[in-house]
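Fold and geometry: a report
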Amino acid sequence: MEGITKRFGPVTALSNVTFSVRRGTVCALCGENGAGKSTLMKVLAGVHRPDSGRILLDGKEMVFAGPKDALAAGISMLYQEVELAGHLTVYENLFLGREILRGGLFKCIDSDAEIRQVQELIAKNHFQLDPLATVAELSPGQCQLVELLKAMLSGARLIVMDEPTSSLSEGEAATLFQIIHQLKAQGITIIYISHRLEEVLALADDICVLRDGAVVFGAPASELTVDTLVRQMVGRELSQYYPPRSSKPGEVLFEARNLTTARIYDVSFQVRAGEIVGMAGLVGAGRSETAQAIFGIDPLISGECLLDGKKVTVRRPTEAIAAGIGFLTEDRKRTGLCTELPCSWNITLPNYERLGMGHILSLPREREECLALGEKMHLKWRQPEDPASSLSGGNQQKLLVSRWLQADSKFLIVDEPTRGIDVGAKAEIYALLNDLAAAGKAILLISSELPEILGMCDRVLVMREGRLTADLKASETTAEEIMHKAAV
Amino acid sequence: MNKLAKQLLPFSSLLFIISLWTFLEPDTFLTFQNFKNVLSSTAANGIIAAGMTFVIITAGIDLSVGSMLAMCGILGSIVMLVLSGAGWTQISGGAAVQMGGFAMLVGTLAGMAVGALCGFLNGALVTRLKLAPFIVTLGSMSIFRGVSHIINSSRPISVSAYSWLDTGSILGIPASVVIFALVLVAMGYVLKYTPFGRYTYAIGSNPQTAYHAGVDVDKTLVWIYTILGALVGLAAMIMTSRASSAQPSAGLSLELDVIAAVIIGGCSPSGGKGTMLGTLIGCLLISFLRNGLTLLGVVAQIQLVAVGLIIIIAVTSDRLAAKKN
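About the criteria used
Residues numbered from 1 in each chain as written. Chains lettered and ligands numbered in written order. Predicted model: local features only at pLDDT ≥ 70, side-chain atom pairs only at ≥ 80, totals over all residues. Heavy atoms only, no water. Helix = DSSP H or I, 4+ residues; strand = E, 2+ residues; numbered from the N terminus. Rg over C-alpha atoms; globule rule 2.2 N^0.38 Å. Buried < 20%, exposed > 50% of the residue type's maximum accessible area, 1.4 Å probe, protein only. Contact = heavy atoms within 4.5 Å. Lys, Arg positive; Asp, Glu negative; His and termini not counted. Charge placed at Lys NZ, Arg CZ, Asp CG, Glu CD. Buried area = accessible area lost by both parts, 1.4 Å probe. Salt bridge = Lys/Arg side-chain N within 4 Å of Asp/Glu carboxyl O. Polar contact = N/O pair within 3.5 Å; in protein donor to acceptor, adjacent residues only side chain to side chain. Pairing = 2+ DSSP bridges. Axes fitted to C-alpha atoms, helices over the stretch in contact; angles between N-to-C directions. Phe/Tyr/Trp six-rings, centres within 6.5 Å; stacked < 30°, edge-to-face > 60°. Parallel < 35°, antiparallel > 145°, perpendicular 65-115°, else oblique. pLDDT = per-residue confidence, 0-100. Disulfide = S-S within 2.5 Å. 1 Å grid on protein atoms, 1.4 Å probe; cavity = no way out; pocket = protein on both sides within 12 Å on 5 of 7 lines; lining within 4 Å. Points joined across faces, edges and corners; volume = space filled by probe spheres on them. Nonpolar A, V, L, I, M, F, W, Y, C, P; charged D, E, K, R; others polar. Bend = angle between axes of the 7 residues up to and from the residue. Core = buried A, V, L, I, M, F, W, Y, C linked by side-chain atoms within 4.5 Å. Patch = residues over 30% accessible without salt bridge, like charges linked within 9 Å, V, L, I, M, F, W, Y side chains within 5 Å. Areas by Shrake-Rupley, 256 points an atom, 1.4 Å probe, with all protein chains shown as cover.

1. Let's talk about the overall build of chain A
Summing up its helical and strand segments, chain A has 17 helices and 22 strands in all. Since a compact globule built from 488 residues should have a radius of gyration of about 23 Å, the 24 Å found for chain A is in line with a globular shape. Expressed along its principal axes, the backbone C-alpha trace of chain A runs to roughly 75 × 50 × 50 Å. Counting over 488 residues, chain A shows a buried share of 53%. Taking the contacts inside chain A whose residues are at least 6 apart along the sequence as the reference set, 66% of them involve residues at least 24 apart. Computed over 52 positive and 62 negative side-chain charges, the inter-centroid distance for chain A is 2 Å.

Have a look at this one:
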C-alpha cells in the first residue's frame, strides 16, 4: 500500500500511509485504539475507498470497488467478531453463497461434495473440527477455524486477522499460532492485529506501528522488545506501565466461604481492604463463574459471602449492588453497556439510589456528576448525551469503570478490565484500580494476562476446573508457577 | 442535532398535513369543532399508545390490546349495572338502567382493574416462561376476544346512562381529551424523569446489561405490561361511554393503529428508542390524516392504504437517518 490517505469529513484517519508485507510472512500491525489500524485494513479489504494512494498486490495496482473485488483478488479479512450463521453447520457456512450444485434443470446442492471438500481441507491442515457440527455449538476458537477455512476456500493469498485471540483460551490461541505457521509455510501472507504485545513479538516476522493515522515505525520483530514497542505506540515513555504499589492491606473486607454453584466447587478466599487480589486460570476454569456467584447471577448451591464480617444474602445483582459489591463484566457489549443509550445513562444506571434520585431523576445533576467523572477518567466524549457506541473501545471501558466508581462499591470485581483496549487506556485503568485500593476498597482482578496479575496484585488466586488451586503472594511467585497451578 | 432531526420528521409531516388540509378544506377543517372531534377520537387510542410506548421501548409488543379493550368494556359495564341493582336478565337483555355516579365510578375503575390484571398476566407469561411477547399476546388476543363474546353471547351490554366520559367537559375541553393529556404528561414524565423510565430503555437496549447493572428486569417488565393493561381499561371505558354500550367486537384491529402510531412517533421495534412526544405526534398524524381524507370524501379503504404508506415511509426514513449516522 502506497501513500494511502483517507479522510472522514474533517477527520484525517490515515495520512500518507505506506505499508508493505512480504509474501509468506506474518506482519503485525500495532497501535493504540484509534491509530488507524482498522481503517487501513478496511481500505485494503475494499470496504473504504482511499482518497489518494495505491494498493499493489504482487506489483500490480488494484482498484477495489467493494469487498467482493478484494476477496476475488485473494484478500480475506477475519474480523474481531465472528460472522457466521449459528443455526447452520460448518460446511453449510463454508459454502454459503457459493454452494456446489449438481443436476440438470432443477439444480440442488451437492452436500456430499461439499462435505468431502471440507474434510480434505481439515485433514490437510490437521484441524480438530467436524464439518457436520452446528456452528452455534462450537467454541470461539473453533469458530475462528471456520472463518479461516472460509478464507482458504475462497483462495485467499493474504489474510488479515483483527484481534483473533481476544476471545480464545490460551490453549486455543496456541493452536491458532500453529495454524498461522502452517499457513505461512503454504505461502499465505498474514497481517496480524493485536493488543497483546508478547504474542505479537513471538508470532510476527515484521512489525509496523501506526500512530495517529501515520506509520511511525517498522522493524523486524526479532530486534524489538515489549518496551520499545510500547514506546513507539504511545509516542512517549510509559515510565510506569504498572503503577508502583504501596499497599497496606487492612481488615478482611470480603470473604467467600465454600461457594458452590453448578460450575464452581467449594471456593473460599478473603480480600482485605486496600488489597488487590488477582484471579488467574485458563478460560473456563471458573473465574468469571465465581464472580457471577458472588454477584447473584449464578444461584449458590451452598456457601456464603461476608462483607465486613457480616453475612450478605445476594440472589440478584440488585442486592449485590445495594450491599456494596460492584462487578465490571468481561463482555462490554453483551453485559456491560447499552450501546445505543447515552453515555451518561450508562454510567448512572445502577446508581440512582446512591445519587439520591431513587424516585425522581435530576437531569442537570446527573449531567454534572457525569461530566466530573468524565474529567477524572479522561473520557474522550463530545458530550455525555452521545450514545456509548460513539466511543472507542478503551473509552467504553472507562465508561464502565466510571459506573462502578460512582457506585462507590466497597468490593469491586473487575473481570478482564483491559481486554482489547490500548496501552494508554490500560495504564489509566491500572492507576485507577490502584487509587481505589489505596482508598481502602477491596478489589478482585480477574485476568488472563499474567504480567497484569503479577504487576498489579498483592495476592494471586489460581483456579482450575472450578476449584481454587492456589493462593499465592504475588511478590513470591512467578508466571511459571501460576501457569503450573492453572494447568496441571 | 440528530436527536432534533428525529423528532423533526414526524413533527414536520404533521404540520404539513395540517396545512395541506387547511388549504384544501379551509371551511370544515380549520374549525374548533373539527379539532375537538379529532382530539376526542384520538383519545382512546392515544391513551393506549402511551402505555404501548413503554412496551415497544423494551423491544416488546402487545397485540392483545384490542380484544383486551372489548373485555374491559364489557366487564366494567357489568359491574356498573350490577351496582345499580340490575339483574342478569336486564343486563343481558339490554334494558335501560338508571345508574348513580358511584356505580359508574366503580365500574370505570373495575374496567381498569380488569385491564391491569390482563396486562399482568401477559407480563407474567413473558417473564416467567421467557416467551416472546409477540407469541404470548397473540394467544391472549384470541382468548380475550373469545371471552368478550362468551360473556353475553356476542350481544352488547347497554349502558345508556354512562355518558360523562364522552359528553362531559372540563373548562370547555372534552373530558376524554383532558384524560388523554393527563395520561400523556404523566407517562412522559415517568419515562424521562424516573429510574423506572431509564430501566425501560435499558431493558430494550440490552436486557443482559440491565440485569448486570442491578435492574430487576422481570419486575419492571411485569409493571410495564400491567400499566398498559390499566390504560387499555381506561380507554375501554371511554369507548363504552361514546357508544353508550360495550361491544364484544370493540377494538378490532385497534392494536395495529396503536402500534403504528408509536412506530411513526419514532419508537424502534428493536427497542431502546422512543419518546412520549413522538408517540403524541404519531397519534395526531394518523388522526389528522384520516380526518382530512374523510372531509375530502376519500373512502375508508383508501385511508387504510394511506396510513399503511405513512408507516412504511416513517420507518424507512428512520432507518436511513440511522444509516447516515
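2. Notes on the interface of chain A and chain B
The interface of chain A with chain B comprises 33 residues on the first partner and 22 residues on the second. Taking both sides of the interface into account, the surface hidden between chain A and chain B amounts to around 2200 Å²; carbon and sulfur atoms contribute 61%. Here chain A and chain B share two salt bridges between them. In this structure, Glu366 of chain A engages Arg198 of chain B in a salt bridge whose closest nitrogen and oxygen atoms are separated by 2.6 Å. Put simply, chain A and chain B have eleven residue pairs in polar contact (both at pLDDT 80 or more) between them.

3. What about the sheet that holds strand β20 (residues 442-446) of chain A?
Whether parallel or antiparallel, the strands of a sheet pair through hydrogen bonds between backbone atoms. Residues and elements named next belong to chain A. The mixed open sheet is built from six strands, whose spatial order is β18-β19-β20-β15-β21-β22. Edge positions in the open sheet fall to β18 (325-328) and β22 (467-473), since each of these has one partner strand only. Strand-to-strand twist of the sheet, defined as the mean angle between neighbouring strand axes without regard to direction, takes the value 20°. Looking at chain direction, β18 and strand β19 (residues 411-415) are connected through four bridges and run parallel. Of the residues in β19, the one forming a bridge with Gly326 is Leu412.

4. Some words on the packing of aromatic side chains
All told, the structure shown has eleven aromatic pairs over all chains when counted by the stated rule. Ring geometry for Phe54 of chain B versus Phe196 of chain B: centroids 6.2 Å apart, planes at 35°, classification tilted. Taken together, the positions of Phe54 of chain B in helix α3 (residues 32-57) and Phe196 of chain B in helix α10 (residues 195-205) put the pair 142 residues apart, joining distant regions of the chain. Among the aromatic residues, those joined into a cluster by ring pairs are Phe254, Phe269 and Phe411 of chain A.

5. Examining the pattern of salt bridges
Under the defined criterion, the tally for this structure stands at 28 salt bridges over all chains. In this structure, Arg257 of chain A engages Glu304 of chain A in a salt bridge whose closest nitrogen and oxygen atoms are separated by 3.3 Å. Taken together, the positions of Arg257 of chain A in strand β13 (residues 252-260) and Glu304 of chain A in strand β16 (residues 302-307) put the pair 47 residues apart, joining distant regions of the chain. A salt bridge links Asp218 of chain B to Lys130 of chain B, with the shortest nitrogen-to-oxygen separation between them at 3.6 Å. Taken together, the positions of Asp218 of chain B in helix α12 (residues 217-243) and Lys130 of chain B in the loop between α6 (101-128) and α7 (133-151) put the pair 88 residues apart, joining distant regions of the chain. Take Lys130 of chain B: its relative accessible area is 61%, and that puts it in the exposed class. Here the salt bridges do not stand alone but share partners, grouping Arg287, Glu330, Glu416 and Arg419 of chain A into one network.

6. A few points about the sheet that holds strand β10 (residues 189-193) of chain A
All names here are of chain A. The sheet built from six strands is open, its strands ordered β6-β9-β10-β3-β11-β12 with mixed pairing. For this open sheet the edge positions go to β6 (75-78) and β12 (214-220), each flanked by a neighbour on one side alone. Averaged over all neighbouring strand pairs, the angle between strand axes comes to 20°, with direction disregarded. As judged from the four bridges shared by strand β3 (residues 26-30) and strand β11 (residues 206-211), these two strands associate in the parallel manner. Across the sheet, residue Leu29 finds its bridge partner in β11, namely Cys208. Contacts from helix α5 (residues 140-153) reach β6 and β9 (158-162) within the one sheet, and its direction differs from that of β6 by about 170°. In this fold helix α6 (residues 170-185) packs onto β3, β9 and β10, with an angle of close to 150° to the strand it touches most, β10.

7. As for the packing of helix α9 (residues 175-193) of chain B against α12 of chain B
In a packed pair of helices, the relevant descriptors are the angle between the two axes and the axis-to-axis distance. Residues and elements named next belong to chain B. It is the contact of α9 with α12, at a shortest axis distance of 11 Å, that shows an interaxial angle of 170°. In this view, α9 runs roughly antiparallel relative to α12, as classed from their interaxial angle. Between α9 and α12, the residues in contact are Ser176, Ile179, Val183 and Met187 and Ile227, Leu231, Leu234 and Ile238, respectively.

8. A closer look at helix α1 (residues 37-44) of chain A
Residues and elements named next belong to chain A. The buried fraction of α1 is high, at six of eight residues. Taken together, the buried positions of α1 are occupied by Lys37, Thr39, Leu40, Met41, Val43 and Leu44. Taken from the residues just after α1, Gly46 is the one with a positive phi, measuring 80°.

9. Let's talk about the confidence of the model for chain B
Per-residue confidence for chain B averages 90 on the pLDDT scale, and 96% of its residues sit at or above 70. Interface confidence for the predicted complex, expressed as ipTM, amounts to 0.86; the pTM equals 0.79.

10. Examining the environment of Asp130 of chain A
All names here are of chain A. Secondary-structure assignment places Asp130 in the loop between α4 (111-125) and α5. The exposure class assigned to Asp130 is partly exposed, which follows from its relative accessible area of 42%. Engagement of the side chain of Asp130 in a polar contact is seen with the backbone nitrogen of Leu132, the distance being 3.0 Å.

11. A look at the state of the cysteines
All names here are of chain A. The full count for this structure, using the stated rule, is zero disulfides over all chains. The thiol sulfur of Cys27 is not disulfide-bonded, and the nearest other cysteine sulfur, from Cys208, lies at 5.8 Å. With relative accessibility at 3%, the residue Cys27 sits in the buried group. Looking at Cys370, it has no disulfide partner, and the nearest cysteine sulfur is the one in Cys343, 8.9 Å off.

12. Some points on the pairing of β12 of chain A
Residues and elements named next belong to chain A. Direction of pairing for β11 relative to β12: antiparallel, over a ladder of six bridges. By the bridge assignment, Asp206 is partnered in β12 with Pro220. Counting the residues in the hairpin turn of β11 and β12 gives two residues, including Asp212, whose phi is positive at 50°.

13. Digging into empty space enclosed by the protein
Residues and elements named next belong to chain A. Summed over the entire model, instances satisfying the criterion amount to seven cavities of 30 Å³ or more. There is about 90 Å³ of room inside the largest cavity. Every residue along the wall of the largest cavity is listed here: Glu163, Ser166, His195, Arg196, Glu416, Thr418, Arg419, Gly420, Lys426 and Glu449. The residue makeup of the lining of the largest cavity, split by class, is no nonpolar, four polar and six charged.

14. Section: the pairing of β20 of chain A
In regular strands, side chains alternate between the two faces of the sheet. Residues and elements named next belong to chain A. Taking burial as the measure, the five residues of β20 include five buried ones, the bulk of the element. In β20, alternate side chains face the same way, and those of Ala442, Leu444 and Ile446 on one face and Ile443 and Leu445 on the other are all buried. Pairing between strand β15 (residues 276-281) and β20: four bridges, direction parallel. Of the residues in β20, the one forming a bridge with Met279 is Ile446.

15. Comments concerning α3 of chain B
Maximal helix bending in α3 of chain B amounts to about 45°, located at Ala43 of chain B. Just past α3 of chain B, the residue Ala59 of chain B takes up positive phi, approximately 70°.

16. Examining the nonpolar core
One finds Ile47, Ile48, Met52, Leu81, Tyr162, Val183 and Phe288 of chain B to be the most contacted residues of the largest nonpolar core, which totals 94 residues. Leaving out residues up to four positions away in the same chain, Met52 of chain B has contacts with Asp62, Val65, Leu228, Val258, Ile259 and Val262 of chain B.

17. Brief notes about a nonpolar patch on the surface
Residues and elements named next belong to chain B. Together, Phe16, Leu20, Phe23, Leu24 and Leu296 make up an exposed nonpolar region whose accessible area comes to about 490 Å². Looking at the element boundaries, Leu24 is found in helix α1 (residues 2-24). The exposure class of Leu24 is partly exposed, given its relative accessible area of 41%.

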